[in-house]
Amino acid sequence: TLSNNRTRHFLAKSHPASSSSNGEKLEVVIVLHPSTKLFQNYDPYAAAYNYEAIIGEEITKAAVSSFSLARKNLIFIFPVAREVGDGWYCWGAGNDNDLCTAPVDGIDSEFIIEIIKWIHLKFDGKFWPPSSSMSRVFLFGYSGGARMGWRLACDSRFENILDGVAIASGLLPEHMKAEQRNGIDSCKISSLPSRIVVLHGELDPLTRIEYADDSVQWISQSADCQVMVENQIGIDELFNYTECTKNHHLALAYYRKIGGPHVSPDAVQMQTIFKHWSHNRKDVNVSNVENLENINTSTTENETYNRIDYMNEVVLGYIFSICLIALVVHIRRYR
């Protein structure tokens, strides 16, 4: 329960399955789902379950193959955004590209901080802040979750908390491009995590590629970074920004997907993200992905919901109904 007396929800999973780390190091990956439209009789966890069903396997395999797990546990967190009406669940990230947003009031940032506190108390046995332990925290966001990811990366409250951030098909809110301001509506360059990966499709119809270009350019100029590598990798354009004089630890990799649409990263792209996050350490694969299982979720709100399996099943049902109606209309028209 947060400061506004509202209870929020999240899905937590561990790999290997465990309820405590027994003193071992943790690798924590927080996944922010996109803005999600749910239909009637929906479950308050549905937005998290939906996106976990889409990306869970890819992100787990990428983490297992990239992080050395000899003495570590992986913790995956899928938080649920706020309901803003008409079945929409959205993050308080801002509406720069006229997409769904919850109020930009810092509540979502507080929610993520409380989740990280819960992780460290439950698994690490250490008290806040995370710097009291050897664990690392990474954040991945897609679409609306990516816009929120930029906001959290810029938030000074997350300085020395986030070790890496990945932004897929999202933008840095325009009004945050003013480091001199204080508060939640400015981007503190010195607070940015050491590893940032940006992926964006050139043909994205929802968040145009120009938004991503401007976001990366503003960060690189504000941090006074140098472009060390600029080359073609398959169908990607890669821009590596390092040697940033205003944030010496920052390394930003920008993958510009030639011909790419607005789509969640695939298995190869997830591997790319974790390659950057892992600081190019030697890959050690010592775990079985099949061990992944649920371990905990937060308490429910004081409302009654009927659980649905997954949003895509509902969507398929609606598509089938529309097609059936169209067929009936067509038959009647040509009788």
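Residues numbered from 1 in each chain as written. Predicted model: local features only at pLDDT ≥ 70, side-chain atom pairs only at ≥ 80, totals over all residues. Heavy atoms only, no water.

Student: What's the story with the overall build of the protein in this structure? I'm lost.
Tutor: Helices and strands together make up the secondary structure of the protein, namely six helices and 13 strands. A total of 335 residues make up the protein; the buried ones form 53% of that total. Put simply, 75% of the contacts in the protein that link residues at least 6 apart link residues at least 24 apart. Per element, the accessible surface of the protein, about 15700 Å² overall, is 50% carbon and sulfur. (Helix = DSSP H or I, 4+ residues; strand = E, 2+ residues; numbered from the N terminus. Buried < 20%, exposed > 50% of the residue type's maximum accessible area, 1.4 Å probe, protein only. Contact = heavy atoms within 4.5 Å. Areas by Shrake-Rupley, 256 points an atom, 1.4 Å probe, with all protein chains shown as cover.)

Student: Is there a simple way to think about the environment of Ile258 in this case?
Tutor: Looking at the secondary structure, you find Ile258 in the loop between β12 (251–257) and α5 (267–277). By relative accessible area, which is 33% here, Ile258 ends up partly exposed. Separated by 22 residues in sequence, Ile258 and Asp236 place their C-alpha atoms 5.7 Å apart.

Student: What is the right way to read the pairing of strand β5 (residues 82–85) from this model?
Tutor: In this structure, β5 lies alongside strand β6 (residues 88–90), joined through three bridges in antiparallel fashion. Bridge assignment links Arg82 to a residue of β6, and that residue is Cys90. Counting the residues in the hairpin turn of β5 and β6 gives two residues, including Asp86, whose phi is positive at 60°. (Pairing = 2+ DSSP bridges.)

Student: What am I meant to see in helix α3 (residues 144–154) here?
Tutor: Because each turn of an α-helix spans 3.6 residues, side chains separated by three or four positions end up pointing in the same direction. Burial within α3 is extensive, with eleven of its eleven residues counted as buried. Listing the buried residues of α3 in full gives Gly144, Gly145, Ala146, Arg147, Met148, Gly149, Trp150, Arg151, Leu152, Ala153 and Cys154.

Student: Help me understand the sheet that holds strand β3 (residues 36–37), please; the structure alone is not making it clear to me.
Tutor: Two strands in a sheet stick together by hydrogen bonds in their backbones, pointing the same way (parallel) or opposite ways (antiparallel). Pairing is antiparallel in the open sheet, where three strands are placed in the order β3-β6-β5. Looking at the sheet topology across the chains shown, the edges are occupied by β3 and β5.

Student: Mind showing me how you'd approach the side chain of Ser169 here?
Tutor: Take Ser169: it is sitting in the loop between β8 (164–168) and β9 (195–201). Excluding residues that lie within four positions of it along the chain, Ser169 makes contacts with Tyr142, Ser143, Ala146, Leu199, His200, Asp204, Thr207, His262 and Val263.

Student: Which parts of the structure should I look at to understand the confidence of the model for the protein?
Tutor: Detailed reading of the predicted coordinates is not advisable wherever pLDDT falls low. Per-residue confidence for the protein gives a mean pLDDT of 78, with 71% of residues at or over 70. No element of the protein has a lower mean pLDDT than strand β13 (residues 293–297), at 31, and none a higher one than β8, at 97. Low pLDDT, under 50, characterises residues 280–321; the stretch is placed with 92 contacts to residues that sit more than four places away or in other chains. (pLDDT = per-residue confidence, 0-100.)

Student: Could you clarify how one ought to interpret the packing of aromatic side chains in this entry?
Tutor: Two numbers describe a pair of aromatic rings. These are the distance of the centres and the angle of the planes. Scanning all chains against the criterion turns up eight aromatic pairs. A ring pair is formed by Phe274 and Trp277, whose centres lie 5.0 Å apart and whose planes are at 75°; its orientation type is edge-to-face. One end of the pair is Phe274 and the other is Trp277, both in helix α5 and three residues apart, which spans about a single turn. Assessed through its relative accessible area of 0%, Phe274 is described here as buried. A relative accessible area of 0% means that Trp277 is categorised as buried. An aromatic cluster is built from Phe67, Phe138, Phe274 and Trp277, whose rings are joined through pairwise contacts. (Phe/Tyr/Trp six-rings, centres within 6.5 Å; stacked < 30°, edge-to-face > 60°.)

Student: Please explain the nonpolar core as it appears in this structure.
Tutor: Across soluble globular proteins, you tend to see nonpolar side chains buried next to one another. Core analysis: the largest hydrophobic core is formed by 89 residues, its most contacted members being Phe140, Ile219 and Trp277. The contact partners of Trp277, leaving out residues within four places of it in the chain, are Val29, Phe67, Arg136, Phe138, Leu139, Phe140, Gly164, Val165, Ala166, Arg195 and Val197. (Core = buried A, V, L, I, M, F, W, Y, C linked by side-chain atoms within 4.5 Å.)

Student: So what exactly am I meant to see when it comes to α5 here?
Tutor: Those residues of α5 that sit buried are Gln269, Met270, Thr272, Ile273, Phe274, His276 and Trp277. With a side-chain oxygen positioned 3.2 Å from the backbone nitrogen of Val268, the residue opening α5 is Asp266. (Polar contact = N/O pair within 3.5 Å; in protein donor to acceptor, adjacent residues only side chain to side chain.)

Student: Explain the state of the cysteines here, please?
Tutor: Disulfide: a covalent bond connecting the sulfur atoms of a pair of cysteines. Tallied over the full model, the rule gives three disulfides. Between the sulfur atoms of Cys90 and its disulfide mate Cys100 the distance is 1.8 Å. Note on the Cys90 and Cys100 pair: the S-S dihedral is about 105°, so by sign convention the disulfide is right-handed. Here Cys90 is found in strand β6, whereas its partner Cys100 is found in the loop between β6 and α2 (107–124), with ten residues between them in sequence. In this pair, the class of Cys90 matches that of Cys100, namely buried. Covalent S-S linkage joins Cys225 and Cys244, the inter-sulfur distance amounting to 2.0 Å. (Disulfide = S-S within 2.5 Å.)

Student: Help me understand the packing of helix α1 (residues 46–66) against α5 in this model?
Tutor: Each pair of packed helices can be summarised by the angle the axes make with each other and by the distance between the axes. Axis separation between α1 and α5 bottoms out at 9 Å; the angle between their running directions is 40°. One element, α1, and the other, α5, form an angle in the oblique class. Our pair here, α1 against α5, has a crossing hand that is right-handed. Each of Ile55, Glu58, Ile59, Lys61, Ala62, Ala63, Ser65 and Ser66 in α1 lies in contact with α5, whose residues at this interface are Ala267, Met270, Gln271, Phe274 and Lys275. Of the residues assigned to the contact of α1 with α5, the class counts are seven nonpolar, three polar and three charged. (Axes fitted to C-alpha atoms, helices over the stretch in contact; angles between N-to-C directions. Parallel < 35°, antiparallel > 145°, perpendicular 65-115°, else oblique. Left-handed = near helix turned anticlockwise from the far one by under 90°. Nonpolar A, V, L, I, M, F, W, Y, C, P; charged D, E, K, R; others polar.)

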